[in-house]
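The residues making up each chain are set out below.
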Amino acid sequence: MADTVITGLGVFAPTGIGAEEHWTAVLDGKSGIGHITRFDASGYPVVLAGEVPGFDAREHVPGRLIPQTDTWTHLALAAAEAALADSGADPKSLPEYEMAVVTSSSSGGTAFGQGEMERLYQKGPSWVGAYQSIAWFYAATTGQISIQHGMRGPCGVICAEQAGGLDVVAQARRLLRTQSRLVVTGGTDSAMCPYGLVAQMANGLMSTSDDPARAYVPFDADARGYVPGEGGAILIAERAEGAEGRGYGAILGHASGFDQSERTGRPPVLAATIRRALDDAGLNPSGVDVVFADAAGTPELDRIEAEALAAVFGPRGVPVTAPKTLTGRLYGGGAPLDVATALLALRDGVIPHTAGTERLARGMEIDLVLGQPRQQPLSTALVVARGYGGFTAALVLGRGDRA
Amino acid sequence: MSTFSLDDLREIMRQSAGVEAGVDLDADITDIEFIELGYDSLALLELAIQVKRKYGVSIPDDDVVDMTTPRIAVEYINRQLVGAEV
């Protein structure tokens, strides 16, 4: 039942600032991945990342909040402002307890935390600022958005790495079905500091290539891991009733699952999770027009995803794409950005291609859109996301009525 | 004898938590509550940290809570500075 819709998109991503700038870059296959500039990464195995180009917090965030919050929160505050403006909703006209905030976060405020830790070690405890108590914390972004916009309804944060970005949209739908009328959701992440990078590298899944065009090529025979990135998207979710003519798309179905330890011998839950999301949406597999893949970028994880998609939709049964090759994986911000991209694809009837990937690895029975965007009428999209350690989520979206 | 003036406090306020839009710290803020000036309890803890760093005056958390206006803060910090020299 399409009772909830996304009415506003606020994008701050390596592919650009603003949903339309991002969308143009995606269709042009213009990558935001390059050598890390935020700090000297030349001594680390991972040297590439997707950084948000030209982001200056002073242009987008109230001056008071800049020293109190981390870059990841700056990006989200800026994106929330843009998403609210885009939504056409008027928060001032809504009761404060009927507006909620639920964002995803994976890294927290690592750069802020690193700065304070350096002061602790180099100068002593009295040099650690009071804002360290809140700036690093995963819920900081949700809290600051809530305070900034006077939204006092149910607030929360979901930390499920990349999968959390879909789970928050489902939580937004849950809240809209009960006491809330508007939910600020989606998320961002930014861990562009040595501490942040090293913490990510521990998963052993990152690309050590220094070629921005070929470092992150999911499903390719040369897949060698993923490139990290920063930014994401903040989304405004509202009840369909009252949002006529403003919806980018409807939230049709969701499911999440969690992989068991490999030692149990149980198969990955991805295919079952997709099927449950389709059930929730009331759709058969044939009712899905396009899949935005998780696209982990390692041979093993790519194989698991391709097998799950082939199992649910049949071999090459549905067009699949992964525009995230242009941004890198954005953790808490990744899936919300995929949701934004999917909604723009539904709006315009065009499937963006997976830039970078050239030759599918053996056994990948998927119809991956390569080379250039594919024009075709679209009514529904499935977004898939997995997070390190077993987090799995799937979200089904339907085309909106936005004028 | 060292003393701590309202201007010293203003400087620390600016450095510690910044100034909220619409607030003029240069106006007569002596008896305006910190909360009205946009400084919440966390901003005051940050202020206390900077006072300790710059003037060597430790302000226990419980005393920070009681510091509701710039006048009370300036008087408190001066008492500590004087006490430290006796």
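Attention in this report is confined to the structure presented alongside it. (Residues numbered from 1 in each chain as written. Chains lettered and ligands numbered in written order. Predicted model: local features only at pLDDT ≥ 70, side-chain atom pairs only at ≥ 80, totals over all residues. Heavy atoms only, no water.)

Observations regarding the overall build of chain B
Phase 1: Across its full length, chain B holds four helices and zero strands.
Phase 2: Written out in order from the N terminus, the α and β elements of chain B read α-α-α-α.
Phase 3: Whereas a compact globule of 86 residues would reach a radius of gyration of roughly 12 Å, chain B reaches 12 Å, a difference of no more than 12%.
Phase 4: Over its C-alpha atoms, taken along the principal directions, chain B stretches across nearly 40 × 25 × 20 Å.
Phase 5: Counting every position in chain B, which comprises 86 residues, the buried fraction comes to 43%.
Phase 6: Of all intrachain contacts in chain B linking residues separated by at least 6 positions in sequence, the fraction that spans at least 24 positions is 59%.
Phase 7: As displayed, chain B offers around 4600 Å² of accessible surface, 49% of which is attributable to carbon and sulfur atoms.
Phase 8: Of the charged side chains in chain B, 7 are positive and 18 negative, and the gap between their average positions amounts to 6 Å. (Helix = DSSP H or I, 4+ residues; strand = E, 2+ residues; numbered from the N terminus. Rg over C-alpha atoms; globule rule 2.2 N^0.38 Å. Buried < 20%, exposed > 50% of the residue type's maximum accessible area, 1.4 Å probe, protein only. Contact = heavy atoms within 4.5 Å. Areas by Shrake-Rupley, 256 points an atom, 1.4 Å probe, with all protein chains shown as cover. Lys, Arg positive; Asp, Glu negative; His and termini not counted. Charge placed at Lys NZ, Arg CZ, Asp CG, Glu CD.)

Description of the side chain of Asn203 of chain A
Residue and element names in this part refer to chain A.
Phase 1: Summarising the element assignment, Asn203 is placed in the loop between α8 (194-201) and β8 (231-239).
Phase 2: Residue Asn203 is classed as buried on the basis of its relative accessible area, which comes to 13%.
Phase 3: A polar contact is formed between the side chain of Asn203 and the backbone nitrogen of Leu205, at a distance of 2.8 Å.
Phase 4: In contact with Asn203, other than residues within four places in its own chain, are Tyr226 and Tyr388. (Polar contact = N/O pair within 3.5 Å; in protein donor to acceptor, adjacent residues only side chain to side chain.)

A closer look at the interface of chain B and chain A
Accessible area lost on assembly of the parts is the figure often given for the size of an interface.
Phase 1: Contacts between the two partners involve 14 residues from chain B and, on the opposite side, 11 residues from chain A.
Phase 2: Surface buried jointly by chain B and chain A totals about 1000 Å² across both partners, of which 57% is contributed by carbon and sulfur atoms.
Phase 3: The largest contributions to the chain B side of the interface with chain A come from Ala17, Leu42 and Arg53 of chain B, which together make up 52% of the buried area.
Phase 4: For the side of chain B that touches chain A, the element with the highest residue contribution is helix α2 (residues 41-55) of chain B, accounting for seven residues. (Buried area = accessible area lost by both parts, 1.4 Å probe.)

Remarks on unusual backbone geometry
All names here are of chain A.
Phase 1: One non-glycine residue, Glu161, lies in the positive phi region at around 45 degrees.
Phase 2: One can find Glu161 in the loop between β6 (155-158) and α7 (164-176).
Phase 3: Judged by relative accessible area, Glu161 falls into the buried class, the value being 13%.
Phase 4: At Phe219, a residue that is not glycine, the phi angle is positive and equals roughly 70 degrees.
Phase 5: Here Phe219 lies in the loop between α8 and β8.

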